[in-house]
Amino acid sequence: MLQRAEPQEFDRVLSSMCTVPHPAARDAAERFLATNPGDPGTYETVSGLETEAVDYLGEVTGLDDPSGYVASGGTEANVQAVRIARNRADTDDPNVVAPVHAHFSFTKAADVLDVELRTAPAEDYRVNLAAMAELIDEDTVCVVGVAGSTEYGYVDAIPTIAELAHDADALCHVDAAWGGFYLPFTDHDWHFGHADVDTMTIDPHKVGQAAVPAGGLLARDEALLDELAVETPYLESTSQLTLTGTRSGAGVASAVAAMESLWPVGYREQYERSMENARWLADQLRARGHDVVDVELPLVAADLSVPMTDELRERGWRVSKTGAGEMRVVCMPHVTRSMLRSFVADLDWY
Ligand code: 0PR
């Protein structure tokens, strides 16, 4: 008999960008397990739910009349965004300019799409805009900004990045895969309503509290998605724009259920709780003499030594480290204050 994976296994998980799904999302996922939104002619109900999911994602990201779909995750959404930009552009030697802290899915995108990836350095955890501008040329098809970076939870200057992109006749893609369900409750300029963003990744299966797999790809203009369409001769629908063929209706239905239950009040409360937890943890670590990166979104990075992190692992804690070796705690919805209290108590044990 298989054991339930959670909540037990989430009890000490401070490293993951996945979380316990909302009960309504879990229930919806179970009900739609055997459906395939990749075949909308046959699975009409889940296909209708996908339209609802995209409408919700549009509300979250300030986009009227949104186009998009529920992807397998942030990786697929980022690959597809680069694919849109490449297919739309008129160059034989396309490049994408992204911050050095962009998620490694852009490396995959560059590889499978045969596009050059140029990475701009960061300054204080955000992309250096002057350096980014220097990398852009007439073959640049897409300029990427990250709204909630994987390692530090920082937000790049999206409006300026959008300007840089459009000055070069390139698309601006924002990766809000993790940050997208926290950012609506902050003062950051990050979405379609704040800047001339063309495409965005925002994942219900992360902070959105949907079941895995539920990523989100949004486009300001439906014509952009046409760049992805391939003909599907024997299906009732005539074309398909997703990267995967058969895909999970569970992800789609659970995304709708989670957003229906939580947008906006529940997500706001979660943001506030997670942010307070992150600030509390940062204060506790500082009080113990550690250097802590200023908290921008609910993610804490601090200079605890890596051997220390291994010892924590032996005590059951799951913490990860940044590329620079700092301990990294992601304050996801399942990360409660009492969990953090026992984590800090275990730190004091050393
Ligand atoms: N964009 C950003 C900003 C991300 O942080 C991630 C994932 C992605 C895109 C890719 O999303 P998918 O993994 O859904 O394709 N960031 C996490 C990471 O790499 C993913 C993760 C999730 C890792 C759960 C561990 C884990 O337990 O750290």
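Residues numbered from 1 in each chain as written. Predicted model: local features only at pLDDT ≥ 70, side-chain atom pairs only at ≥ 80, totals over all residues. Heavy atoms only, no water.

As named in an unreviewed UniProt entry, the protein chain is Probable L-aspartate decarboxylase, taken from Haloarcula pellucida.

### Let's talk about the overall build of the protein chain
The cut-off we apply is this: Only runs of H or I of at least four residues qualify as helices and only runs of E of at least two qualify as strands under DSSP, and these elements are numbered from the N terminus. Classification of residues uses two cut-offs on accessible area relative to the type maximum, computed with a 1.4 Å probe and protein chains only: under 20% is buried, over 50% is exposed, and between them is partly exposed. Accessible surface area values rest on a Shrake-Rupley calculation with a 1.4 Å probe, where residue burial reflects the displayed protein chains alone.
Check the secondary structure of the protein chain and you find 11 helices and 14 strands. Viewed in the frame of its principal axes, the protein chain has a C-alpha envelope of about 65 × 55 × 35 Å. For the protein chain, buried positions account for 56% of its 350 residues. Summing over all exposed atoms, the protein chain offers an accessible surface of approximately 15,200 Å²; the carbon and sulfur share of this is 46%.

### Thoughts on the UniProt feature "modified residue: N6-(pyridoxal phosphate)lysine" (unreviewed entry) in the protein chain
Note the following rule: UniProt positions are given in the numbering used here, feature names are shortened, and annotations may be inferred rather than shown by experiment. Here, residues are in contact when the closest pair of their heavy atoms is within 4.5 Å. Definition of a polar contact: a pair of N or O atoms within 3.5 Å, with one able to donate and the other able to accept a hydrogen when the atoms are protein atoms, and with sequence-neighbouring residues admitted only if both atoms are side-chain atoms.
UniProt feature "modified residue: N6-(pyridoxal phosphate)lysine" (unreviewed entry): in the numbering of this structure it lies at Lys206. Structurally, Lys206 can be placed in the loop between strand S8 (199-201) and strand S9 (215-219). Overall, the relative accessible area of 14% leaves Lys206 in the buried class. Aside from chain neighbours lying at most four places away, what touches Lys206 is Met17, Thr19, Gly74, Ala177, Trp178 and Met332. Within the structure, Lys206 has its side chain in polar contact with the side chain of Asp203 (distance 2.5 Å).

### Here we look at the site of the ligand
Stated formally: When at least one non-hydrogen atom of a residue lies within 4 Å of a molecule or strand, that residue is treated as near it. For this scheme, ten residues count as nonpolar: Ala, Val, Leu, Ile, Met, Phe, Trp, Tyr, Cys and Pro. Four count as charged, namely Asp, Glu, Lys and Arg, and the remainder, Gly too, count as polar.
With respect to spatial proximity, 17 residues lie near the ligand, and among them Ser16, Thr75, Thr150, Asp175 and Lys206 are the closest. Note that an oxygen atom of the ligand is positioned 2.6 Å from one of the side-chain N or O atoms of Thr75. Notes on the ligand: free accessible area 590 Å², of which the protein chains cover 76%. Top contributing element to the shell around the ligand by residue count: helix H3 (residues 74-88), with three residues. Grouping the amino acids of the shell around the ligand by side-chain chemistry returns four nonpolar, nine polar and four charged.

### Topic: the sheet that holds strand S12 (residues 299-302)
Neighbouring strands of a sheet are bound in pairs by backbone hydrogen bonds; such pairs are parallel or else antiparallel. Note the cut-off: A pair of strands is considered paired only if DSSP assigns at least 2 bridges between the two. Only the stretch in contact is used when a helix axis is fitted, and all axes are lines through C-alpha atoms; the angle between N-to-C directions ranges over 0 to 180 degrees.
One open sheet accounts for three strands, arranged S12-S14-S13; its pairing is antiparallel. Bordering the open sheet on either side are S12 and strand S13 (320-321), each of which pairs with just one other strand. Here S13 pairs with strand S14 (residues 327-330) via two bridges, running antiparallel. Bridged to Ser320 within S14 is Arg328. Of the strands in this sheet, S12 and S14 are in contact with helix H9 (residues 265-287), which crosses S12 at around 15°.

### Brief notes about the side chain of Gln80
Residue placement: Gln80 occurs in helix H3. For Gln80, the residues in contact, after removing those within four places along its chain, are Tyr69, Leu217, Leu228, Leu241, Thr242 and Leu243.

### A word on the sheet that holds strand S3 (residues 116-120)
If you walk across this open sheet you meet the seven strands as S1-S9-S8-S7-S6-S2-S3, and the pairing is mixed. Each having just a single partner strand, strand S1 (67-71) and S3 make up the two edges of the open sheet. Shown here is a sheet whose adjacent strand axes are inclined to one another by a mean of 20°, direction ignored. For strand S6 (residues 140-146) and strand S7 (residues 171-175), the ladder comprises five bridges, and the chain directions are parallel. Along S7, the bridge assignment pairs Gly145 with Val174.

### What about the pattern of salt bridges?
Put simply, the test is: One speaks of a salt bridge when a side-chain nitrogen belonging to Lys or Arg is within 4 Å of a carboxyl oxygen belonging to Asp or Glu.
Applying the stated criterion across every chain, the model contains 13 salt bridges. Measuring nitrogen to oxygen at the nearest pair gives 2.2 Å for the salt bridge that ties Arg126 to Glu296. Here Arg126 is found in strand S5 (residues 126-127), whereas its partner Glu296 is found in the loop between H9 and S12, with 170 residues between them in sequence. Looking at Glu296, the relative accessible area reads 13%, which means it is buried. Between Asp348 and Arg288 there is a salt bridge, with its nearest N and O atoms 2.5 Å apart. With a gap of 60 residues between them, Asp348 in helix H11 (residues 337-348) and Arg288 in the loop between H9 and S12 connect regions that are remote in the sequence. For Arg288, a relative accessible area of 33% corresponds to the partly exposed category. One salt-bridge network, held together by shared partners, links Arg12, Arg315 and Asp346.

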